[in-house]
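The lines below spell out each chain.
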Amino acid sequence: MRIFLDTANIDEIRQAAKLGIISGVTTNPSLMARENRCDLRDVIGEITSIIDGPISAEVLSSDPGGMIEEAQQISSWSPNVVVKIPVSAAGLEAISVLCRRGIKTNLTLCFSLNQAILGALAGATYVSPFVGRLDDIGQDGMALVAEIVKVFKQYDGFSSQVIAASIRHPLHCVAAARAGAHIATVPYRVLMQMIDHPLTERGISLFAADWQRIARG
Ligand code: G3P
């Protein structure tokens, strides 16, 4: 499983990139708003200068023509840009046109197996089931990820990669890997939590203390 960072915060991306384990970034309008930024092109430019991998940027239009036009623009900024398009009839139409034009897409706000299947048939490069938001309403978000992965594997033509999105805590990452998600897109806070373990911290302190004791004689 690969890990993308789910943020539009440039400092977080810079910090995470240093670890050498991040292979892409996903943004959305809410993440942009959180950083008080509406200059999508600049933000995407900054991200592509830090991370050499797929960077998702979302369209705001709701009609196929508008989505396609926005997608053409967004994808012209960098070969690494992936256009995020929400599930809808308009979104599927836009994805199929963009797929034929060789533009990479990420089907976002995916909450059902049917939506994921339609995204794959339309030719989406990535399909993003939102795990945390399903959990929030009492449904099993990770079960959906596992189901999508399983169904996609049954068919040769289904080449969309599954991104476990709306990840809220480290257990989601473990479960995404077990479910066979190609990618988990994680907030910076969760990435940091993935690193931590109290026994590691205790072990490091113990090693340091023992070494000090023996070095002092
Ligand atoms: O990648 C999708 C993600 O940004 C949504 O996360 O926490 O707003 O449900 P959340």
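See above for the structure.
These numbers come from a predicted model, not from an experiment.

(A) Representation of unusual backbone geometry in the model. Here N36, not a glycine, exhibits a phi torsion of approximately 60°, which is positive. Mapping N36 onto the fold places it in the loop between α2 (29-34) and α3 (40-50). Note on N36: relative accessible area 73%, which makes it exposed. Phi at S166 takes a positive value of approximately 55°, unusual for a residue other than glycine. Position of S166 among the secondary structure elements: in the loop between β7 (161-164) and α9 (170-179). For S166, a relative accessible area of 9% translates into the label buried.

(B) Region of the structure containing the packing of helix α1 (residues 10-18) against α3. Where α1 contacts α3, the two axes come as close as 10 Å, and the packing angle between them is 10°. The angle between α1 and α3 places the two elements in the roughly parallel class. Residues I10, I13, R14 and A17 of α1 form the contact with α3, whose own contacting residues are V43, E46, I47 and I50.

(C) Up close: the nonpolar core. Formed by 61 residues in total, the largest nonpolar core has its most connected members in L5, I85, V145, I148, F152 and V186. Sort the elements by how many residues they give to this core and helix α8 (residues 141-154) lands first, with seven residues. Setting aside residues up to four positions removed in sequence, F152 forms contacts with A116, I117, A120, V127, F158, S160 and V162. Counting five residues, the second-largest nonpolar core is a separate cluster that includes F4, V82, I163 and I183.

(D) Highlighting the side chain of T27. Among the secondary structure elements, T27 is positioned in the loop between β2 (22-26) and α2. Judged by relative accessible area, T27 falls into the buried class, the value being 0%. Of the polar contacts made by the side chain of T27, one reaches the backbone oxygen of S56; its length is 2.7 Å. Ignoring sequence-local partners within four residues, the contact set of T27 consists of T7, A8, I44, I47, S56, A57, E58 and K84.

(E) Molecular detail of the site of the ligand. The environment of the ligand is formed by D6, N28, L31, K84, F130, R133, A165, S166, R168 and T185. Between the ligand and the protein, one listed contact pairs an oxygen atom with a side-chain N or O atom of N28 at 3.0 Å. Between an oxygen atom of the ligand and a side-chain N or O atom of R168, the distance comes to 2.9 Å. Its residues assigned to classes, the shell around the ligand comprises three nonpolar, three polar and four charged.

(F) Region of the structure containing the environment of G132. Within the secondary structure layout, G132 lies in helix α7 (residues 131-136). On the accessibility criterion, G132 (1% relative accessible area) is buried. Expressed as a C-alpha distance, the spacing of G132 and I167, which sit 35 residues apart in the sequence, is 5.6 Å. In this structure, G132 is in contact with A165, S166, R168 and H172, ignoring residues within four places of it in sequence.

Rules of the game
- Residues numbered from 1 in each chain as written.
- Predicted model: local features only at pLDDT ≥ 70, side-chain atom pairs only at ≥ 80, totals over all residues.
- Heavy atoms only, no water.
- Helix = DSSP H or I, 4+ residues; strand = E, 2+ residues; numbered from the N terminus.
- Buried < 20%, exposed > 50% of the residue type's maximum accessible area, 1.4 Å probe, protein only.
- Axes fitted to C-alpha atoms, helices over the stretch in contact; angles between N-to-C directions.
- Parallel < 35°, antiparallel > 145°, perpendicular 65-115°, else oblique.
- Contact = heavy atoms within 4.5 Å.
- Core = buried A, V, L, I, M, F, W, Y, C linked by side-chain atoms within 4.5 Å.
- Polar contact = N/O pair within 3.5 Å; in protein donor to acceptor, adjacent residues only side chain to side chain.
- Near = heavy atom within 4 Å.
- Nonpolar A, V, L, I, M, F, W, Y, C, P; charged D, E, K, R; others polar.

On their own, these measurements won't tell you what the molecule is for.
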